[in-house]
Amino acid sequence: MADWLGRVRGHVGEAKGRFDTDRREREAAGKAPADKNIILTEREVRGEWDASRVLFTTLGGQARPITAEDMATFRHNMRQAESRFKGGKGITARQVIDLASGTPLRYVSPGQPASDIDKARREITMGVPVSAINGTIRFITNAGPDSKVRRHHVVVNLHEFETAAAQLAATPNDGKGGKTPKQIANWLRKQKLSFDCDCERHRYFFRYVATIGGFAAGRKETGYPKIRNPELMGVACKHVLRVMSELESSNAVLAFLEKHLASVSEYKARTQLAQMEAEEAVQQKTPTRIKTSEQRAAEARKVREKAAIARAAKEAATKPPKKIAPASRRASKTAAETLGKQFGLSPEQVMAILAAQAKTSKG
Ligand SMILES: [Zn+2]
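The rules behind these values
- Residues numbered from 1 in each chain as written.
- Predicted model: local features only at pLDDT ≥ 70, side-chain atom pairs only at ≥ 80, totals over all residues.
- Heavy atoms only, no water.
- Helix = DSSP H or I, 4+ residues; strand = E, 2+ residues; numbered from the N terminus.
- Polar contact = N/O pair within 3.5 Å; in protein donor to acceptor, adjacent residues only side chain to side chain.
- Contact = heavy atoms within 4.5 Å.
- Phe/Tyr/Trp six-rings, centres within 6.5 Å; stacked < 30°, edge-to-face > 60°.
- Buried < 20%, exposed > 50% of the residue type's maximum accessible area, 1.4 Å probe, protein only.
- Lys NZ or Arg CZ within 6 Å of the ring centre and 35° of its normal.
- Donors = N, O, S within 2.8 Å, 3.2 Å for Na, K, Ca; no water.
- Tetrahedral: all angles 85-135°; square planar, octahedral: opposite > 155°, others 65-115°.
- Core = buried A, V, L, I, M, F, W, Y, C linked by side-chain atoms within 4.5 Å.
- Pairing = 2+ DSSP bridges.
- Axes fitted to C-alpha atoms, helices over the stretch in contact; angles between N-to-C directions.
- Expected span 1.5 Å × (residues − 1).
- Arc of directions from axis to C-beta.
- Domains from an automatic or database assignment.

The name given to the chain in an unreviewed UniProt entry is SWIM-type domain-containing protein, and the organism recorded there is Ideonella dechloratans.

What follows is the structure, given as structure tokens:
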């Protein structure tokens, strides 16, 4: 039994409670008197910087007072981030994973994994959808080893939910024509979304990035992260990264979305797993591997190469056997070299694959 999962009943209240605390604390920080206020507002970054204010940044590696030049750097970093996120409304799960890998916010303390994606792979092994109201899906993940809490809440808004629901409603239920509910759910999970996480990494390092990128599902953050993330790197915490991977590629989430879409088409906009269902989902599930698009492409290439070589071997095997001429060894070596070049393999690798293929086709 997974201890971290806790009770499904009350999960919405717990999540809302944590987000409310965050909101209250942020409001109080924004209202603090000028000499105690540490929020660097958007207006200031955009140019109305009062140089008499003493605020600190870690830009350049060390904490030091902010200068007017820093404001120019912050503005530059904002433009960079906006172009990385293409200034669009929302982001896809695939983009989140690729950006977390391509432009990560590195951990600086020694002994830590390099990035949030490394942490997601090692520490956050579970992310299950437990309830949904229309396009808002609530996930619960386990917490990392040093966390103050046992579980985290990740809220995901699927931007194309209405489109998917309408498409499902318009699909004739006769088994022919149109897309199946599963195909529609599979399309939906690959579209744009926004997200929110109740953890401190999201709150202090990434909520601002999500806000300017147009993919913040919860409270918008307008205070520049001058201490925690002045370069505006990375995109999501380890909990969100786990959820993105499950959302995009796990069968369990696909089944959950399909069920939820079906209930919406029956005018019930809400889906919630019972405690038992959630526990079963956790127990049955092995975590998806969090793969970047680059890793996926490399794997697909390998599969294609193996298939091509197997096909070539099969063709060779169906040809009538020839008397083995003395030159044939050399000839097959040359053939292996040609084939190998085509698929980026050494002649030895090609010979080994051919030999293995010959064995299986005999047996
Ligand atoms: Zn988080």
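Peer 1: Help me get a handle on the side chain of Thr57, residues and values and all.
Peer 2: Its location among the elements puts Thr57 in strand E1 (residues 56-57). At 3.1 Å, the side chain of Thr57 forms a polar contact with the backbone nitrogen of Leu59. When residues no more than four places from it in sequence are discounted, the contact partners of Thr57 are Gln62, Ala63, Arg64, Ile66, Asp70, Phe74, Lys226, Ile227 and Pro230.

Peer 1: Tell me about the packing of aromatic side chains, and name the residues and values.
Peer 2: Aromatic rings considered in pairs are described by the distance between their centres and by the relative angle of their planes. Under the counting rule described, the total for this entry stands at four aromatic pairs. A ring pair is formed by Phe85 and Phe215, whose centres lie 5.0 Å apart and whose planes are at 75 degrees; its orientation type is edge-to-face. Of this pair, Phe85 sits in the loop between helix H3 (68-84) and helix H4 (93-102) while Phe215 is found in the loop between helix H8 (200-213) and helix H9 (238-249), placing the two residues 130 residues apart along the sequence. Given a relative accessible area of 4%, Phe85 falls into the buried group. One cation-aromatic arrangement involves Arg84 over Phe85; the distance from NZ or CZ to the ring centre is 5.6 Å.

Peer 1: Account for the coordination of the zinc ion, with residues named and values stated.
Peer 2: Those protein atoms acting as donors to the zinc ion are Cys197 (SG), Cys199 (SG), Cys237 (SG) and His239 (ND1), and they sit at 2.2 to 2.3 Å. Angles of 105 to 114 degrees at the metal separate the four donor atoms of the zinc ion, which places the site in the tetrahedral class. In terms of primary sequence, the donors binding the zinc ion are separated according to C-x1-C-x37-C-x1-H. Remark: Cys237 occurs in the loop between H8 and H9 and Cys197 occurs in strand E6 (residues 193-197); sequence separation between them is 40 residues. Relative accessible area serves as the criterion here: at 1%, Cys237 is assigned to the buried category.

Peer 1: Any details on the nonpolar core? Residues and values, ideally.
Peer 2: Judged by nonpolar contacts, the single largest core of 72 residues is most densely connected at Val156, Phe195 and Met244. Once you skip the residues sitting within four places of it in the chain, Val156 turns out to touch Gly135, Thr136, Ile137, Phe139, Leu193, Ser194, Phe195, Val243, Met244 and Leu247.

Peer 1: Report on the sheet that holds E6, specifying residues and quantitative values.
Peer 2: Spatial strand order, E6-E5-E4-E3-E7: five strands in an open sheet with antiparallel pairing. The open sheet has two edge strands with one neighbour each: E6 and strand E7 (270-272). Adjacent strand axes in the sheet meet at a mean angle of 25 degrees, parallel and antiparallel pairs treated alike. Direction of pairing for strand E5 (residues 151-158) relative to E6: antiparallel, over a ladder of five bridges. Considered in E6, the bridge of Leu158 is made with Leu193. Against the sheet, helix H1 (residues 11-31) engages strand E3 (127-133), strand E4 (136-142), E5, E6 and E7, with an angle of about 90 degrees to E5.

Peer 1: Help me get a handle on H1, residues and values and all.
Peer 2: With 21 residues, H1 extends 31 Å from end C-alpha to end C-alpha; this agrees with the ideal 30 Å at 1.5 Å per step. Inspection of H1 places His11, Ala15, Phe19, Asp22 and Arg26 among the buried residues, and these make up the whole buried set. Projected down its long axis, H1 shows its buried positions confined to an angular sector of 55 degrees, all on one face. Residues of H1 that are exposed and point over 90 degrees away from its buried face: Arg24 and Lys31. Along its buried surface, H1 packs onto E3, E4, E5, E6, H8 and E7.

Peer 1: Can you explain the domain arrangement of the chain? Please cite residues and give values.
Peer 2: In terms of domains, the chain is made up of domain 1 (3-287) and domain 2 (294-362). The C-alpha centroid of domain 2 is placed 46 Å from the C-alpha centroid of domain 1.

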